[in-house]
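Observations on the model geometry
Okay, here's what each chain looks like letter by letter:
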Amino acid sequence: MPKTRFAILGCGIIAEVHAEGITKIEEAELVAVYDINPEEGEKFAEKYGAVPCSNFEQMLEMESIDVVCICTPSGLHAKQTIQIAKAKKHVLVEKPMAIKLEDINPMIQACEENQVLLSTVFPRRMSPQARFAKELIQNGKLGELSLCSAYVKLYRNQEYYDSAGWRGTWEVDGGGAMMNQGIHTVDMLQWLVGPVSSLYGKTKAVLRDIEVEDTAATLLQFKNGAMGILEITTTAYEGKGQRLAIHGEKGTIEIEEDTITKFEIEGEEVELPDFESFNVIPDGHRLQIKDMALAVHENRTPYVPGAEGRHSLEIILGTYESSRLLREVDLSGKSLKYFD
């Protein structure tokens, strides 16, 4: 099978993870890169044996490119996705796929109209432990779900936010702890438990001098009747990362980072299977890139299609609106609604 040919747009930190993933699977090869900083682009291209493009338009004109990985600041994703789709190239876009809900449908539509694939990056979904939990919950092994919560306790100092002009801004970053760091865990919770019907949230910049939040707390009402809590912060000194706790009438499963730390089912002696080793970085990106490469050749939908980027974004933007308006937010319709 011929290799799927990838390009990377934006040569920052996450681009390194994409490049490592592309170069370490036999189904793909990295052919071109572009960064707004020419020196960074050239250094990146030399490191990974790719062609450095002098501008974005040059990349779009290259017939040797099948897929473009978008690794630019979040506020640029929507416009760039549409431009890439119009150039007849498939798109693998980093989270969040957009920072406004109204941008998602045009992104999906542009890819559909130009018959190219769109996938959004949620590497934790590629974990064998996550897939095991997903199947377990879908099959009703935990019974009717009751309390399903997620916690993200990370630490980012002021220097982190000051290191790049776009960090911690509404216009380009689109949000703070929830949008930038917590979105993977928000996605995992809703992917495992199901859609959220309403929420009530509070966000605030507690310790950092930034436009957006460094801390958020959200009370969730799931469509299936369960309730839950999101606690997300980048102010937790020596924070332990992410944890999911999903409780049902017949059982409990808890996941810390990508390891199942608790698994109990009423009346059963349960034993976890021997999972393959998995670290979200780099394994999650590598496996999702491999899936995208195969999806191109097999003409099928990627494991994480672009439309999946909407769900976590609704929860995050709904939390922001709830905090701003001091109201519960309804997510059950096609647009955010607010309860008086």
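Structural notes, computed from the coordinates.

Quick notes on the rules
- Residues numbered from 1 in each chain as written.
- Predicted model: local features only at pLDDT ≥ 70, side-chain atom pairs only at ≥ 80, totals over all residues.
- Heavy atoms only, no water.
- Helix = DSSP H or I, 4+ residues; strand = E, 2+ residues; numbered from the N terminus.
- Rg over C-alpha atoms; globule rule 2.2 N^0.38 Å.
- Buried < 20%, exposed > 50% of the residue type's maximum accessible area, 1.4 Å probe, protein only.
- Contact = heavy atoms within 4.5 Å.
- Lys, Arg positive; Asp, Glu negative; His and termini not counted.
- Charge placed at Lys NZ, Arg CZ, Asp CG, Glu CD.
- Arc of directions from axis to C-beta.
- Polar contact = N/O pair within 3.5 Å; in protein donor to acceptor, adjacent residues only side chain to side chain.
- Axes fitted to C-alpha atoms, helices over the stretch in contact; angles between N-to-C directions.
- Parallel < 35°, antiparallel > 145°, perpendicular 65-115°, else oblique.
- Left-handed = near helix turned anticlockwise from the far one by under 90°.
- Salt bridge = Lys/Arg side-chain N within 4 Å of Asp/Glu carboxyl O.
- Pairing = 2+ DSSP bridges.

Counting its secondary structure elements, the protein chain contains 10 helices and 15 strands. On C-alpha atoms alone, the protein chain measures out to a radius of gyration of 20 Å, which is about the 20 Å that the 2.2 N^0.38 rule sets for 340 residues. Summarising its shape, the C-alpha atoms of the protein chain cover approximately 55 × 45 × 40 Å along the three principal directions. Classification of the 340 residues of the protein chain by burial places 56% in the buried group. Relative to all contacts within the protein chain whose residues are 6 or more apart in sequence, the contacts with residues 24 or more apart total 68%. Across the protein chain, 35 positive and 53 negative side-chain charges occur, with their mean positions spaced 3 Å apart.

Let us look at helix H2 (residues 38-48). For H2, the complete set of buried residues consists of Gly-41, Phe-44, Ala-45 and Tyr-48. For H2, the angular spread of buried residues about the axis comes to 100 degrees, placing them on one side. Seen from the buried face of H2, the exposed residues on the opposite side, beyond 90 degrees, are Glu-39, Lys-43, Glu-46 and Lys-47. In the core, the buried residues of H2 are packed alongside strand S1 (4-9), helix H1 (13-23), strand S2 (28-34) and strand S3 (51-52). Between the side-chain oxygen of the N-cap and the backbone nitrogen of Glu-39 there are 3.1 Å, and the N-cap of H2 in question is Asn-37.

Turning our eyes to something else, we now look at the packing of H1 against H2. It is the contact of H1 with H2, at a shortest axis distance of 11 Å, that shows an interaxial angle of 25 degrees. Regarding the angle of H1 to H2, the classification is roughly parallel. The two elements H1 and H2 cross, and the hand of that crossing is right-handed. Between H1 and H2, the residues in contact are Ala-15, Glu-16, Ala-19, Glu-20 and Thr-23 and Phe-44, Lys-47 and Tyr-48, respectively.

Here Asp-173 is to be found in the loop between helix H7 (158-162) and helix H8 (177-193). The buried charged residue Asp-173 lacks any salt bridge, with Arg-167 as its nearest oppositely charged partner at 6.0 Å. At 2.9 Å, the side chain of Asp-173 forms a polar contact with the side chain of Asn-180.

Within the open sheet, the 6 strands sit side by side as S3-S2-S1-S4-S5-S6. Their pairing is parallel. Of all the strands in the sheet, the pair left with one neighbour each is S3 and strand S6 (118-120). Direction of pairing for S1 relative to S2: parallel, over a ladder of 6 bridges. Bridging across to S2, Thr-4 finds its partner in Ala-28.

Moving on to unusual backbone geometry. Between Lys-95 and Pro-96 the backbone carries a cis peptide bond, its omega angle lying at -20 degrees. With respect to the element layout, Pro-96 can be found in the loop between strand S5 (90-93) and helix H5 (104-113). Going from Ile-281 to Pro-282, the amide bond is cis rather than trans, its omega being 20 degrees. With respect to the helices and strands, the residue Pro-282 is situated in helix H9 (residues 280-298). You will see that Gln-115, though not glycine, has its phi angle at about 55 degrees, which is positive. Despite not being glycine, Glu-257 shows a phi value in the positive range, around 55 degrees. Counting through the fold element by element, Glu-257 comes out in the loop between strand S12 (251-256) and strand S13 (259-265). Given the relative accessible area of 30%, Glu-257 is considered partly exposed.

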